[in-house]
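Here's the letter readout for the chains.
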Amino acid sequence: MRPLHTLLLAVLLSFLTINCSDSEELVPEVITDDVVATDDSPTEEADLEALVLTDVSYGDAPLQVYDIYLPAGRKATKTKTIILIHGGGWVEGDKEDVTAFIDLVQSQHPDHAVVNMNYVLADPPNVPAFPNQFLDVQAVINQLDDTHEELSFLNEYGFIGLSAGAHLAMMYDYTYDTQDQIKFVANIVGPSDFTDPFYADEPGFEQYLDALTDESAYPANTNLAEALSPAIVANVDSSPTLQFYGNEDPLVPLTNGQRLDTALSNNNVPHIFTVYDGGHGNWDETSYLDVRTKIGQYIDLYLAIEE
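Here is what the cut-offs are and how they apply
Going along each chain's sequence as written, the residues are numbered from 1 onward. Under the rules for a predicted model, residues below a pLDDT of 70 receive no local features and side-chain atom pairs below 80 are neither given nor counted, while totals for whole chains, interfaces and linings still include all residues. Each side-chain value is worked out from all heavy atoms of the structure, with water and hydrogens disregarded. Two rings from Phe, Tyr or Trp (for Trp, the six-membered ring) form a pair when their centres are within 6.5 Å of each other. A pair whose planes differ by under 30 degrees is stacked, one over 60 is edge-to-face, and the rest are tilted. Only protein chains enter the accessibility calculation, which uses a 1.4 Å probe. A residue is then buried if its area is under 20% of the maximum for its type, exposed if over 50%, and partly exposed in between. Structural elements are reduced to axes, namely lines fitted to C-alpha atoms, with helices fitted over the stretch in contact, and the angle between N-to-C directions of any two is expressed from 0 to 180 degrees. Segments assigned H or I by DSSP are reported as helices when at least four residues long, segments assigned E as strands when at least two residues long, and all are numbered from the N terminus. Any angle between 65 and 115 degrees counts as roughly perpendicular, while under 35 counts as roughly parallel, over 145 as roughly antiparallel, and the rest as oblique. Rotating anticlockwise by less than a right angle from the far helix to the near helix defines a left-handed crossing, while the corresponding clockwise rotation defines a right-handed one. Residues count as neighbours in contact if any of their non-hydrogen atoms are within 4.5 Å of one another. Classification used: nonpolar for Ala, Val, Leu, Ile, Met, Phe, Trp, Tyr, Cys and Pro, charged for Asp, Glu, Lys and Arg, polar for all others including Gly. We define a salt bridge as a side-chain nitrogen of Lys or Arg found within 4 Å of a carboxyl oxygen belonging to Asp or Glu. The span expected for a helix works out to 1.5 Å for each residue beyond the first. For patches, a residue must show more than 30% relative accessible area and have no salt bridge; joins then use 9 Å for like charges and 5 Å for nonpolar side chains, namely Val, Leu, Ile, Met, Phe, Trp and Tyr. Accessible areas in this description were obtained via Shrake-Rupley with a 1.4 Å probe; residue shielding takes into account the shown protein chains only. Charge assignment in this entry is limited to Lys and Arg as positive and Asp and Glu as negative, and neither His nor the chain termini are counted. Throughout, a charge is located at the NZ atom of Lys, the CZ atom of Arg, the CG atom of Asp or the CD atom of Glu. Each residue carries a pLDDT value, the predictor's own confidence for that position, ranging from 0 to 100. A pair of strands is labelled paired if DSSP reports no fewer than 2 bridges between them. The handedness of a crossover follows from its direction of travel: if, with the strands pointing away from the viewer, the path from the first strand over the helix to the second runs clockwise, the crossover is right-handed.

**Remarks on the packing of aromatic side chains**
Part 1 of the argument: Throughout the structure, instances matching the rule amount to 17 aromatic pairs.
Part 2 of the argument: Ring geometry for Phe198 against Tyr199: centres 5.1 Å apart, planes inclined by 90 degrees, an arrangement best described as edge-to-face.
Part 3 of the argument: By relative accessible area, which is 35% here, Phe198 ends up partly exposed.
Part 4 of the argument: In this structure Tyr199 comes out as buried when scored by relative accessible area, which is 10%.
Part 5 of the argument: An aromatic cluster of at least three residues, connected via ring pairs, comprises Trp90, Phe130, Phe134, Phe159, Tyr172, Tyr176, Phe194, Phe198, Tyr199 and Phe205.

Listed below in structure tokens is the structure:
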């Protein structure tokens, strides 16, 4: 996972530094130390200042926290939100790994709110990933829904997920988002099909998937490889999906992207499938700029802020 975090994010940040160096920055008020929204949160929408709340708790576990970046002049009727979900193979990683994407969104879309979330990491077989991590995403969405009027943002969302985080984003959108609050998913090298021979034929993979999963949360005799694969559970109600894959990825094969591409096409889901030369995010600067451009276009198209 480290090449994706260090290379992709560093290069994206370098583009931001070049493009934003001459612009004035509005320094938001930052509130830390497990801030939770209360009845004293701002409710007046006129001339609201930018606000950052860090390590907002959404559950009892230490990792059940998120940071939220609220723009100046926001309104509960129009300010939409981008949710970032980090990678790390479901067993490691942290929201700090994807902070460059906060700058990416804010530079191109300064009127959007940004949420950067943590989730409880798996420790198989004692702490499973599935469905717990999907439910963590749901808990964040539920809390944002509960506080959006107090904090003055609209409860419509887009996902940017990296690797395992992209898997969580797709699974949440394709199976849990019954209210169509998620308007798009940006999937950067996300595992999408565990029935792919790349995984299925690997000795011990089935046992590892079992160890990652709380089987009691699924009906008896569930085919977990199918139930946990976005390419299998994708349907006509799935949100528009951006796909970014490398043609030499040793962790998430290009065939996963191809299978997801086919599933989205079969269900008439708007999507863009982009393949770069390289591995698990180990791409050149032109490719990174293309990622940035296409994510920006999807935000403009599917999460536009109405005037």
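Continuing now.
**Remarks on the packing of helix α2 (residues 100-108) against helix α10 (residues 285-302)**
Part 1 of the argument: Two elements in contact, α2 and α10, have axes whose closest approach is 11 Å; the angle formed by their N-to-C orientations is 55 degrees. What the angle tells us is that α2 and α10 run oblique. Crossing geometry of α2 relative to α10 is assigned as right-handed. Between α2 and α10, the residues in contact are Phe101, Leu104, Ser107 and Gln108 and Arg292, Ile295 and Gly296, respectively.
Part 2 of the argument: Here the residues of the contact of α2 with α10 are counted per class, giving three nonpolar, three polar and one charged.

**Examining the pattern of salt bridges**
A side chain of one charge can pair with a side chain of the opposite charge if their charged atoms are brought near each other.
Part 1 of the argument: For the structure on display, the rule yields eight salt bridges.
Part 2 of the argument: Between Lys183 and Asp180 there is a salt bridge; the shortest N-O distance is 3.5 Å.
Part 3 of the argument: Residue Asp180 is classed as partly exposed on the basis of its relative accessible area of 39%.
Part 4 of the argument: For Asp193, the salt bridge identified is with Arg259, shortest N-O distance 3.1 Å. With Asp193 in the loop between β7 (182-188) and α5 (197-200) and Arg259 in helix α9 (residues 254-266), this pair connects stretches of sequence that are 66 residues apart.
Part 5 of the argument: Take Arg259: its relative accessible area is 32%, and that puts it in the partly exposed class.
Part 6 of the argument: What emerges from the salt-bridge pattern is a single network uniting Asp55, Asp67, Lys95 and Glu96.

**As for α10**
Part 1 of the argument: For α10, spanning 18 residues, the distance from its first C-alpha to its last is 26 Å, which sits close to the expected 26 Å at 1.5 Å a residue.
Part 2 of the argument: Among the residues making up α10, those that are buried are Ser287, Tyr288, Val291, Arg292, Lys294, Ile295, Gly296, Tyr298 and Ile299.

**Considerations on a negative patch on the surface**
Part 1 of the argument: There is a patch of like negative charges on the surface, built from Glu248, Asp277, Asp284 and Glu285.
Part 2 of the argument: Within the secondary structure layout, Glu285 lies in helix α10.

**Looking at the confidence of the model for the chain**
Part 1 of the argument: Scored by pLDDT, the chain has a mean of 89; 85% of the residues are at 70 or more.
Part 2 of the argument: Note that pLDDT drops below 50 for residues 1-28; the model gives that stretch 58 contacts with residues more than four away or on any other chain.
Part 3 of the argument: Per-residue pLDDT stays below 50 along residues 33-44; that stretch engages in 25 contacts with residues further than four places along the chain or on separate chains.

**What to know about the pairing of strand β4 (residues 81-85)**
Each regular strand shows side chains that alternate between the opposite faces of the sheet.
Part 1 of the argument: When you tally the buried positions in β4, you get five out of five residues, the bulk of the element.
Part 2 of the argument: Burial along β4 is two-sided: the face carrying Thr81, Ile83 and Ile85 and the face carrying Ile82 and Leu84 are both buried.
Part 3 of the argument: Here five bridges tie β4 to strand β5 (residues 113-117), and the two strands are oriented parallel to one another. Across the sheet, Ile85 pairs through a bridge with Met117, a residue of β5.
Part 4 of the argument: Regarding the hand of the β-α-β motif, the stretch spanning β4, α2 and β5 is right-handed.
Part 5 of the argument: Where β4 lies against strand β6 (residues 157-162), five bridges are found, and the strand directions are parallel. Bridge pairing in β6 links Ile85 to Gly161.

**Details of the environment of Val269**
Part 1 of the argument: Locating Val269 in the fold gives a position in the loop between α9 and β9 (271-276).
Part 2 of the argument: The exposure class assigned to Val269 is buried, which follows from its relative accessible area of 3%.
Part 3 of the argument: Measuring from C-alpha to C-alpha, the distance between Val269 and Pro240 comes to 5.9 Å, with 29 residues separating the pair along the chain.
Part 4 of the argument: With residues up to four places along the chain from it excluded, the contact list for Val269 reads Asn235, Ser238, Ser239, Pro240 and Leu264.

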